[in-house]
Amino acid sequence: MQSWYFSEQSYAPAWDAPVSPKVTAPSSLVDPETAHRLLQEFIVECKLADELGMNIMTNEHHAAYTCMSVSALMTLAVLATHTKRARLLALGVPIMNRMDPYRVAEEAAYVDILSRGRLELGLIKGSTFELYMSNSNPVTSNARYWEAHDLILKALTTHDGPFSWEGEFFQYRAVNIWPRPIQQPHPPVWMTGMSVETGTLAAERGHVVGTLLSGGLAKPMYDAYRKRARELGWEAGPDRFAYAAIVGVGATREEGLRRANAVADYV
C-alpha cells in the first residue's frame, strides 16, 4: 500500500466568515501576506512528506476559500523542485471544465520533465459548483470530459510531429507537445468516481480509480473494475485502487470523533 500526503491548502482564517465558502465569498477576506505564509507552510509540509517516504497529492478548486490551489499541475511544478523521491499526483485536473486540454497536456509533460518522471496525472470531471462557474452545459459534460481525456493522451503519446484535432468540443489546427514527457507512453493516469460505470470505464483504460468518502459505493465500483479487467484478460492489483478516508485526531476519543464528524459534515 502507498500513502499520499494531501492538503487542500485552505485559507483557514476565512473559515468562520458568515458567507458560503464557494463561488460568492469575496476575495476581500484574503490577506495576501497571510496567504503567502500558508502556502509556504504547505511547501515545507510537502518537503517533510518527501523526506519521510510519502508521496504527495494535490488538487485544485476555484473561487473557494477551502482551497487556494488554483492549478494542481502548477502546484506540482513548484513541488518538483522541492522534492526528490515522492510521486507527484495531480488529483486532479478538472478537464470537464478546463477549456484548453492542449494546455493541460503541455503542463503535464512539463511537470513530468521537471520532476524527472514522477508525475501521476488525475483527469477528473470536477465539482458541480465549478461546472456552474464555467457556464458549461451539464447535458454534454460527460462527452466533453471524454473528448478532452482522449485529446490529452493522444497529445502526450504523439512524437512524430503535429496532428490536427477536429472534435465536437475542441478544435486545434496543430497539436505538438514540447517537451514530451519522460514516462512512456505517458504518465500514469488516475480517475475519480463513485459508480459501477466509472469502475468499468477506468478498467478499460487501465487507469487507477480513486474515491473520497464514498462508503458503500466504493466496493461495487472496485468490483466492476476487477470484473472488466478479467474480461479484458488482465488482473487488477491493489495498485489500481485508491481510497481517501477521514481520520479525526484528538487527545481523547470524544475529541477525535468531534473533529472527524465536523470534516465529514463538510464533505
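Throughout what follows, the structure given in this document is the object of discussion. (Residues numbered from 1 in each chain as written. Predicted model: local features only at pLDDT ≥ 70, side-chain atom pairs only at ≥ 80, totals over all residues. Heavy atoms only, no water.)

Let's talk about the overall build of the protein
- Secondary structure assignment for the protein yields 8 helices and 9 strands.
- Relative to the globule expectation of 18 Å for 267 residues, the C-alpha radius of gyration of the protein, 19 Å, shows essentially globular dimensions.
- In terms of its C-alpha atoms, the protein occupies a principal-axis envelope of roughly 55 × 40 × 40 Å.
- A burial count over the protein gives 46% of its 267 residues as buried.
- The contacts of the protein with a sequence gap of at least 6 include a subset with a gap of at least 24, amounting to 69%.
- When the accessible surface of the protein is summed, it comes to about 14,400 Å², and 56% of that surface belongs to carbon and sulfur atoms.
- The averaged location of the 29 negative side-chain charges in the protein is 5 Å from the averaged location of its 25 positive side-chain charges. (Helix = DSSP H or I, 4+ residues; strand = E, 2+ residues; numbered from the N terminus. Rg over C-alpha atoms; globule rule 2.2 N^0.38 Å. Buried < 20%, exposed > 50% of the residue type's maximum accessible area, 1.4 Å probe, protein only. Contact = heavy atoms within 4.5 Å. Areas by Shrake-Rupley, 256 points an atom, 1.4 Å probe, with all protein chains shown as cover. Lys, Arg positive; Asp, Glu negative; His and termini not counted. Charge placed at Lys NZ, Arg CZ, Asp CG, Glu CD.)

Details of a nonpolar patch on the surface
- Together, Leu-212, Leu-213, Tyr-243, Ile-246 and Val-263 make up an exposed nonpolar region whose accessible area comes to about 390 Å².
- Topologically, Val-263 is positioned in helix H8 (residues 253-266).
- Residue class for Val-263 comes out partly exposed when judged on its relative accessible area of 37%. (Patch = residues over 30% accessible without salt bridge, like charges linked within 9 Å, V, L, I, M, F, W, Y side chains within 5 Å. Salt bridge = Lys/Arg side-chain N within 4 Å of Asp/Glu carboxyl O.)

Some details on helix H2 (residues 72-80)
- Across the 9 residues of H2, 7 count as buried, placing the element largely inside the fold.
- Buried residues of H2: Ala-72, Leu-73, Thr-75, Leu-76, Ala-77, Leu-79 and Ala-80, and no others.
- Residues of H2 that are buried in the fold lie against helix H1 (32-51), strand S2 (55-58), strand S3 (88-94), helix H3 (101-114) and strand S4 (119-124).

Some points on the layout of surface pockets
- A volume near 230 Å³ is recorded for the second largest pocket.
- Every residue lining the second largest pocket is counted, 16 residues in all, and those nearest its centre are Ser-27, Val-30, Ala-63, Ala-64 and Tyr-65.
- In terms of residue class, the lining of the second largest pocket is made up of 13 nonpolar, 3 polar and no charged. (1 Å grid on protein atoms, 1.4 Å probe; cavity = no way out; pocket = protein on both sides within 12 Å on 5 of 7 lines; lining within 4 Å. Points joined across faces, edges and corners; volume = space filled by probe spheres on them. Nonpolar A, V, L, I, M, F, W, Y, C, P; charged D, E, K, R; others polar.)

Section: the pattern of salt bridges
- Here the structure, examined in full by the defined rule, presents 15 salt bridges.
- Glu-107 is paired through a salt bridge with Arg-98; the nearest N and O atoms lie 3.3 Å apart. Each member of the pair, Glu-107 as well as Arg-98, is classed as buried.
- Taking the shortest distance from any N to any O, the salt bridge between Glu-255 and Arg-258 comes out at 2.8 Å. You can see Glu-255 and its partner Arg-258 sitting in helix H8, 3 residues apart, about one turn around the helix.
- Note on Arg-258: relative accessible area 49%, which makes it partly exposed.
- A cluster of three or more residues bridged by salt bridges with shared partners is formed by Glu-204, Arg-205, Lys-227, Arg-228 and Glu-231.

What to know about H1
- An ideal rise of 1.5 Å per residue puts 28 Å on 20 residues; H1 measures up with 29 Å between its terminal C-alpha atoms.
- Of the residues making up H1, those classed as buried are Thr-34, Ala-35, Leu-38, Phe-42, Ile-43, Cys-46, Ala-49 and Asp-50.
- Elements in contact with the buried residues of H1: strand S1 (4-6), S2 and H2.
- Trailing H1 by a residue or two, Gly-53 shows a phi angle of about 90 degrees, which is positive. (Expected span 1.5 Å × (residues − 1).)

Topic: the packing of aromatic side chains
- This model, assessed by the stated rule, comprises 7 aromatic pairs.
- Seen in terms of ring centroids, Trp-4 and Trp-190 are 5.4 Å apart; in terms of plane orientation they differ by 80 degrees. Their pairing is edge-to-face. Taken together, the residues Trp-4 in strand S1 and Trp-190 in strand S7 (residues 189-192) connect sequence positions 186 residues apart.
- For Trp-190, a relative accessible area of 7% translates into the label buried.
- Ring plane angle 90 degrees and centroid distance 5.3 Å describe the contact between Tyr-102 and Tyr-172, whose orientation is recorded as edge-to-face. Of this pair, Tyr-102 sits in helix H3 while Tyr-172 sits in strand S6 (residues 171-175); the two residues are 70 residues apart in sequence, bridging distant segments of the chain.
- Between Arg-205 and the ring centre of Trp-146, over which it is positioned, the NZ or CZ distance is 4.0 Å. (Phe/Tyr/Trp six-rings, centres within 6.5 Å; stacked < 30°, edge-to-face > 60°. Lys NZ or Arg CZ within 6 Å of the ring centre and 35° of its normal.)

Focus: the side chain of His-61
- As for its position among the elements, His-61 is in the loop between S2 and H2.
- Accessibility expressed as a relative area gives 19% for His-61, which makes it buried.
- Side chain to side chain, His-61 and Glu-130 meet in a polar contact 3.1 Å long.
- When neighbours within four sequence positions are excluded, His-61 is seen to be in contact with Glu-8, Cys-67, Ser-69, Val-70, Ser-127, Phe-129 and Glu-130. (Polar contact = N/O pair within 3.5 Å; in protein donor to acceptor, adjacent residues only side chain to side chain.)

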